[in-house]
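Reading the structure
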Amino acid sequence: MGPGDAEGTIANAREELARKFDAWREVALDASRCPVRDVLDRVGDKWTTLILMALAGGPQRFGALSRAAPDISKRMLTQTLRTLERDGLVARRVYPTKPPSVDYRLTPLGVAMMEPLAALIRWAEQSHSAIVAARRRFDEGPAEESAA
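Just so we're clear, the structure is a prediction, and the values are computed from it rather than from any experiment.

1. A look at the pattern of salt bridges
- The full count for this structure, using the stated rule, is two salt bridges.
- Asp87 is paired through a salt bridge with Arg42; the nearest N and O atoms lie 2.5 Å apart. One end of the pair, Asp87, is in the loop between helix H5 (74-86) and strand E2 (90-95); the other, Arg42, is in helix H2 (residues 35-43), with 45 residues separating them in the sequence.
- Of the charged contacts, one joins Arg105 and Asp103 as a salt bridge, the two residues approaching to 2.9 Å between their closest N and O atoms.
- Judged by its relative accessible area of 8%, Asp103 falls in the buried class.

Written as structure tokens, this is what we have:
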């Protein structure tokens, strides 16, 4: 794909998003019932993306997930996994061993989320330094004009 193709893709995406936003405004979409906000609130929380990334490689036991994100508390990991299970993105499988063994894996819905999540992660990695620089410029305030 050449530079012109990328510009066309970006223009198409901008047009699609602008049309969708206009359509939502026309039907007076209730923000509290917005499907996009509902899904992005979950994906954008502190731990979901990291847990989904850890599960992208295959099923993981609780301990492995805990080690993958050492700064998450066991309580928060449990809560996030339950929420992801409730949303249908993660499945919990219990094996009949003594003591019972449990693992977590992506469901088909969770697997379907990997492509857009990977694109978002690529964009975040590529854009991070520019965002940090923009924050720094903003925090420094407007540049002083030099006296002539």
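2. With respect to the layout of surface pockets
- The volume enclosed by the largest pocket comes to roughly 170 Å³.
- Around the largest pocket sit Leu17, Pro35, Val36, Val39 and Leu40, which together line it.
- Considering each element in turn, the lining of the largest pocket owes the most residues, four residues, to H2.
- Considering only residue class, the lining of the largest pocket consists of five nonpolar, no polar and no charged.

Cut-offs and rules
- Residues numbered from 1 in each chain as written.
- Predicted model: local features only at pLDDT ≥ 70, side-chain atom pairs only at ≥ 80, totals over all residues.
- Heavy atoms only, no water.
- Salt bridge = Lys/Arg side-chain N within 4 Å of Asp/Glu carboxyl O.
- Helix = DSSP H or I, 4+ residues; strand = E, 2+ residues; numbered from the N terminus.
- Buried < 20%, exposed > 50% of the residue type's maximum accessible area, 1.4 Å probe, protein only.
- 1 Å grid on protein atoms, 1.4 Å probe; cavity = no way out; pocket = protein on both sides within 12 Å on 5 of 7 lines; lining within 4 Å.
- Points joined across faces, edges and corners; volume = space filled by probe spheres on them.
- Nonpolar A, V, L, I, M, F, W, Y, C, P; charged D, E, K, R; others polar.

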